[in-house]
Amino acid sequence: ISPRKDAQFPTLGADLGKNMDRRSLVKLAIRLLGKLDVFVSNAGIAPAERKDISEATEESFDRLIDVNLKAPYFLAQDVANHWLERGNDCPLPGGFKMVFVSSISATAASLNRGEYCVSKAGLAMASKLWALRLAEIAQVIELRPGIMATDMTSGVKDKYDAIIGSGSTVPAKRWGNLDDVGRAVRSFAAGDWPFTTGDAIYLDGGFHIEKL
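Student: Give a description of the overall build of the protein chain that names residues and reports values.
Tutor: Within the protein chain, the regular secondary structure consists of five helices and four strands. Listed N to C, the secondary structure of the protein chain is α-β-α-β-α-β-α-α-β in terms of helices and strands. By the compact-globule yardstick of 17 Å for 212 residues, the protein chain fits well, its C-alpha radius of gyration being 18 Å. Judged by the C-alpha coordinates and their principal axes, the protein chain covers about 50 × 35 × 35 Å. Across the 212 residues of the protein chain, 40% fall into the buried class. Long-range contacts, defined here as pairs at least 24 residues apart, represent 73% of the contacts in the protein chain between residues at least 6 apart.

Set out below in structure tokens:
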């Protein structure tokens, strides 16, 4: 996806697991850009080691909850308060835009990465909560990518290649990619879905379809 020629992309560093870093990040972004009209929460991590739910550690659970759930929930709070102060001061059709990039794992259980599934299921509820709270001034959606070609899945590529190739799990028979997510975000942020909020949109090639 090609950005606009006048687009700005300042790079800001923060440890999203820390409250002060999150707050500083939002404040600095607003100071650099003047305002925020669109918030996309895309940060996420996988367990350092995939372990059966009977052996997974509290340390791994806490780490994933901090980054995958707590961080986007409270980042959204800081952004939402910025929007509530501005009222209806948004040039986009349908108002401000908030996007939570979740995962098919919000509903699909994986016994060897249970903490990841729990964090994404929580994020799904967070999306609904913010959609309700901001409905008069903003739209909120959750995007649920399926099996995506990223660093997170590089270590299990052979396993997923076989699953995708069979067509039984992913009817589209291909990996998802970053462009699939980027195009959905761009369309939503541009105001192409002006009466949509609180929805979970699947980007998974048909993975979520119940099959017989």
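Back to the write-up after that little detour.
Student: Outline the pattern of salt bridges, listing residues and values.
Tutor: This model, assessed by the stated rule, comprises nine salt bridges. In this structure, the salt-bridge partner of D89 is R86, at a minimum N-O distance of 3.5 Å. Judged by its relative accessible area of 15%, R86 is buried. Taken together, the salt bridges that share partners define one network made up of K35, D37, R86 and D89.

Student: Please set out the sheet that holds strand β1 (residues 38-41) residue by residue, giving values where relevant.
Tutor: Think of a sheet as strands paired side by side through backbone hydrogen bonds, with each pair either parallel or antiparallel. If you walk across this open sheet you meet the four strands as β1-β2-β3-β4, and the pairing is parallel. For this open sheet the edge positions go to β1 and β4 (199-203), each flanked by a neighbour on one side alone. Adjacent strand axes in the sheet meet at a mean angle of 20 degrees when their direction is disregarded. Direction of pairing for strand β2 (residues 96-101) relative to strand β3 (residues 138-145): parallel, over a ladder of six bridges. Residue pairing for β3: M98 is matched across the bridge by V140.

Student: Requested: an account of the side chain of D78, with residues and values cited.
Tutor: Secondary-structure assignment places D78 in helix α2 (residues 58-86). Here D78 falls in the buried class, since its relative accessible area comes to 15%. Ignoring any residue separated from it by four or fewer positions in sequence, one finds D78 in contact with R22, R23 and V26.

Student: I'd like to hear about the environment of R22, residue by residue, with values.
Tutor: Within the secondary structure, R22 sits in helix α1 (residues 19-33). As for R22 and V79, which are separated by 57 residues in sequence, their C-alpha atoms are 11 Å apart. Residues within four places of R22 in sequence aside, it is in contact with L16, G17, K70, A71, F74, L75 and D78.

Student: Help me get a handle on the packing of α1 against α2, residues and values and all.
Tutor: The N-to-C vectors of α1 and α2 enclose an angle of 40 degrees; their axes lie 10 Å apart at closest approach. Looking at the two axes, α1 sits oblique to α2. Read as a crossing pair, α1 and α2 show a hand that is right-handed. Taking contact as the criterion, the partners of R22, R23, L25, V26 and I30 in α1 are, on α2, K70, A71, F74, L75, Q77, D78, V79 and H82. Of the residues contributing to the contact of α1 with α2, the split by class is seven nonpolar, two polar and four charged.

Each value, and the rule that gives it
Residues numbered from 1 in each chain as written. Predicted model: local features only at pLDDT ≥ 70, side-chain atom pairs only at ≥ 80, totals over all residues. Heavy atoms only, no water. Helix = DSSP H or I, 4+ residues; strand = E, 2+ residues; numbered from the N terminus. Rg over C-alpha atoms; globule rule 2.2 N^0.38 Å. Buried < 20%, exposed > 50% of the residue type's maximum accessible area, 1.4 Å probe, protein only. Contact = heavy atoms within 4.5 Å. Salt bridge = Lys/Arg side-chain N within 4 Å of Asp/Glu carboxyl O. Pairing = 2+ DSSP bridges. Axes fitted to C-alpha atoms, helices over the stretch in contact; angles between N-to-C directions. Parallel < 35°, antiparallel > 145°, perpendicular 65-115°, else oblique. Left-handed = near helix turned anticlockwise from the far one by under 90°. Nonpolar A, V, L, I, M, F, W, Y, C, P; charged D, E, K, R; others polar.

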